Each structure stands twice: as structure tokens, then as C-alpha cells.
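Structural characterization, general
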Amino acid sequence: MFAHSEHVMRAHTCPCLVIPMSKSPQFIVHTSNPLNGEPPLATLRGNFITPRELFYVRNHSPVPDIDPQTFRLIVNGMVERELELSLDTLLNDLPKRTVMSTLQCAGNRRNQLIAYAPIPGEVAWGAGAIGNAFWSGVPLKEILNVAGVKVGAQYVAFMGADEVIRHDENVGFGGSIPLDKASSPEVLLAYEMDGKPLEPVHGFPLRVIAPGYIGARSVKWLAQITVQAFPSKNYFQAHAYQLFSPQTTAETADWNAGLQLGELVVNCVITSPRAGTQVSRDVQVEGYAISGGGRKIARVDVSSDGGETWTTANITQGDQQWAWTFWQIRLQLKAGETEIVTRAFDSASNTQPEDVRHIWNFKGYMNNAWHRVNVNVKQ
Ligand SMILES: Nc1nc2c(c(=O)[nH]1)N[C@H]1C(S)=C(S)[C@@H](COP(=O)(O)O)O[C@H]1N2
Ligand SMILES: [Mo]
């Protein structure tokens, strides 16, 4: 049963179903059912718009098989008019907008938190749980205008059509964003990714795109939108995706007191050279940087002396809200074992913590510690 709805469209899910998708043979599959996978880091920096073959997939249950003919999007809660919208109406009768937006999982870079202390039961993401795409669809604010938001409403909650079992119960996948954000022009109900219909693994036929927020708020297989006075009570908003202090454990966590994740933090990753490789003394260092809430990347710093001194990298691509930034720098290194470190500053001067141990949390979210890569510099 879903928390606040009897009429969410129930999708037929079959784990035996062969889901059509176009992932590269290089795609790193963490779990295959449900599918969770990311591209090798070196391939991610090859294209500013991430090819669909390489775009990470984060699923909590099997991909639902939704019939586009019978699909209806339900809009209810604190609205003047409840709506039931067909795909045809969404595609043909409502305004269409395209937004370039980088989607990033709150679990991106979890593997470095795990290296510090174990995080059982969570996907060990590298730094590839991120991708950039052009998303096209109906701005959510247009739907809210048609429905008419009642006074007192503060959040817009989403429910997907996937069945997610937690403690023997189908909790579904839901989440919410503040009404202010939901009314901003960049938030979309997307039906296209890079000009093509969404693939089933990415949410066909309809998904939310909430730029600048953790990926979990961009609910796939969107079935229902509820306007309400409080954040979503769904498991994935009220329980998972909460941030706790390093000393908190699953046993001691007070789920009413955790910080509910929303906007992304500032983050920066070295995509090349790769950890453990041999490099020449004159080395090209490359990576991506991103911040949340529409803040741009203002500066990327690189250090080869553990952060005592820093060199400013060149921004090579990307200076817009909602999307990542690519950077590069040539460094002259001394021969031997060397650690290359990077950190970014965003347009609000936010920067990153030095070490994972100060931000480690037992669910493994939001790792934005300085990214460190150890290489062997040739004589
Ligand atoms: N319905 C539904 N929506 C979902 C999820 C899910 O499991 N079910 N996963 C979320 C998470 S945690 C992330 S990071 C993004 C991943 O989107 P992608 O698989 O298209 O890359 O989708 C989000 N939307
Ligand atoms: Mo995620």
C-alpha cells in the first residue's frame, strides 16, 4: 500500500522482463537486479553531455513496464482541481522546455567512505554516479498553475510506479521538494533525454528532473504528484537519504532528527590520471566539478603537496547553472609516489572538507571530501 494514495497506477513488474537499454559493455554493474551501474571514470570526462550508453543507473527495484496508452499522471492534494493527465496531453497540450542538467546520486563517491569504515547494504559507488543530459518536458510549474495551488501548501511530493519492498511492505519510491523549488522554471516533468524518449531504466514514460538537488528527488516512472503542507512521508524522504554525524549508527539514529538531503554540495573529482597508474613528470590532470542549488563552480584547485600549496585549474567547459564544469591543468611533478588532490569553490564560496573521516556517515551520503589520487611519477 502506498502511504497517501489508493489510486497510484500499479505497474506490472516482472524481474524476468528483458529491459531494452543501450548500456556500453564497459558499464560497471554494481547490482543487476535491481540494476545499479556507472561508467568507468576515464570515459565520463570524454563528453560534456554524457552518452546514454554511459549514463549511470540507480534503481531500487525492477523497472516497471508502463503502458503509455493507459498511463495517467495524477495530481492531487492541496489543489483547486485534481488532474489526471494522459501522456498525449503532457506531450501535445502543455508547454515544452529543455534544460541541461547534471544528475548526481547522493551516494556518488561512497567507495571512499567505505574505505574509511564499512557501510553495509549500500551500493559502493565510485565517482561515476553522475551524468549530464538535456532533459525535455513540461515545466512542473505549468502543471501546478493548471491545478491551482491552495494557500498553505509548502511541498510538492512525487510517487513513482515502481514497487519497492521494505520490511515486507511495498513503500514505493517517493520524495518531495519545497514548493518554491517546484515553482522554479528549471524543474521538469521530463519525457525526453537528449531529444529521445526516456529509456525504461531512466524513467519511461515520465520522470521528475529537479536540477541542483540529489538524484533521489528526480523521481522516475512518475505516477502521482501531491501538493501538501509537509515533506513527503515516503521511506526515501523520511527515512533514507538523511544525513547523520560520524558517530551515529543504524541502531542509534533518530529518524526524526536526521538532515533530509535536498540541494547537492560542492564537489570535485579527478577523472585522469587514474589512481595507481604511472605518469610522466609533466602530467595532464583532468576532472569534473559541480555544486548544488544552481550555484556555479568559481574555482578549482589542484595540489601535489597534500594541500599546502594549490594551483588553479583551467575551466575548459561549462559555466551554467544546473550543469557540471570540466577542468584541466598541466602539473610538473617530482619523481616517485605522489598524491594529487583537488577541491572546488562554488559561487557562494562554499568549499570541500579535507578528509572523509569528518563527514563519514553510516548511510554513506554526500561524500565531497578532497578527491585524492595516488600515482607513480616516472624518473
Ligand atoms: N521511481 C524511482 N525514481 C528514482 C529512483 C528509484 O529507484 N525509483 N532512484 C533515484 C535515485 S537515488 C537517483 S540517483 C536517480 C538516478 O537516475 P538515473 O537512473 O536515471 O541515472 O533516480 C532517482 N529516481
Ligand atoms: Mo541516488
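For the structure, check the block above.
The structure reproduced in this document is the subject of the present report. (Residues numbered from 1 in each chain as written. Chains lettered and ligands numbered in written order. Predicted model: local features only at pLDDT ≥ 70, side-chain atom pairs only at ≥ 80, totals over all residues. Heavy atoms only, no water.)

**Regarding the overall build of the protein chain**
The following threshold applies: Going along the chain from the N terminus, every DSSP run of H or I of four or more residues is numbered as a helix, and every run of E of two or more is numbered as a strand. Note on method: radius of gyration uses C-alpha positions; expected globular size equals 2.2 Å times residues raised to 0.38. Exposure classes here rest on a 1.4 Å probe applied to the protein chains alone. A residue is buried below 20% of its type maximum, exposed above 50%, and partly exposed in between. In what follows, residue pairs with any heavy atoms lying within 4.5 Å of each other are defined as contacts. The Shrake-Rupley method, run with a 1.4 Å probe sphere, supplies the accessible areas, and residue values consider only the shown protein chains as cover. Counted charges follow a simple rule, with Lys and Arg positive, Asp and Glu negative, and His plus the chain ends left uncounted. Positions of charges follow a simple convention, taking NZ of Lys, CZ of Arg, CG of Asp or CD of Glu.
Looking only at helices and strands, the protein chain has six helices and 26 strands in total. Since a compact globule built from 379 residues should have a radius of gyration of about 21 Å, the 21 Å found for the protein chain is in line with a globular shape. In the protein chain, buried positions account for 56% of the 379 residues. At a minimum sequence separation of 6, the contacts of the protein chain that also span at least 24 residues come to 73%. Accessible surface, the protein chain: about 15,800 Å² in total, of which carbon and sulfur atoms supply 49%. Averaging the coordinates of the 32 positive side-chain charges in the protein chain and doing the same for the 35 negative ones gives two points 5 Å apart.

**Digging into the sheet that holds strand β4 (residues 72-77)**
Across a sheet, strands are paired by hydrogen bonds formed along the backbone, either parallel or antiparallel in direction. Rules: For two strands to be treated as a pair, DSSP must find at least two bridges joining them. A fitted line through C-alpha atoms serves as each axis, taken over the contacting stretch for helices, and the angle formed by two N-to-C directions is quoted from 0 to 180°.
Pairing within the open sheet is mixed, and its five strands lie in the order β5-β4-β15-β8-β11. Lying at the two open borders of the sheet, with one neighbouring strand each, are β5 (83-86) and β11 (174-178). For this sheet, the mean inter-axis angle between neighbouring strands, taken without regard to orientation, is 20°. In this sheet, strand β15 (residues 222-228) lies alongside β4 in parallel orientation, the contact comprising four bridges.

**Describing the environment of E337**
To keep things clear, this is the line we draw: Side-chain atoms alone can form a polar contact between residues adjacent in sequence; in general such a contact is a pair of N or O atoms within 3.5 Å, and within protein one must be able to donate a hydrogen while the other accepts it.
Looking at where E337 falls in the secondary structure, it is placed in strand β25 (residues 336-346). A C-alpha to C-alpha distance of 6.2 Å links E337 and V377, two positions 40 residues apart in sequence. When near neighbours in sequence (up to four residues on either side) are disregarded, E337 contacts V375 and N376. There is a polar contact of 2.7 Å between the side chain of E337 and the side chain of N376.

**Describing the pattern of salt bridges**
Selection rule: Salt bridges are defined as contacts in which a side-chain nitrogen from Lys or Arg sits within 4 Å of a carboxyl oxygen from Asp or Glu.
Applying the stated criterion across every chain yields a total of 14 salt bridges. Its salt-bridge partner being E192, residue K96 comes within 3.2 Å of it at the nearest N-O pair. One end of the pair, K96, is in the loop between α2 (87-92) and β6 (97-104); the other, E192, is in strand β12 (residues 188-193), with 96 residues separating them in the sequence. For K96, a relative accessible area of 48% translates into the label partly exposed. Looking at E192, the relative accessible area reads 17%, which means it is buried. The partner of D282 in a salt bridge is R330, with the nearest N and O atoms 3.2 Å apart. Placement of the pair is D282 in strand β20 (residues 282-290) and R330 in strand β24 (residues 325-332), with a sequence separation of 48 residues. With relative accessibility at 48%, the residue R330 sits in the partly exposed group. Several salt bridges converge on common partners, so that one network encompasses R110, E122 and K363.

**So, the side chain of Q242**
On the secondary structure map, Q242 appears in strand β16 (residues 242-243). Q242 gets classed as buried once you look at its relative accessible area, which sits at 1%. Within the local environment of Q242, its side chain forms a polar contact with the backbone oxygen of A238, the two atoms lying 2.4 Å apart. For Q242, the side chain forms a polar contact with the main-chain oxygen of W255, separated by 3.0 Å. For Q242, the contacting residues outside a window of four places in its chain are Q237, W255, A257, G258, L259, Q260 and Y365.

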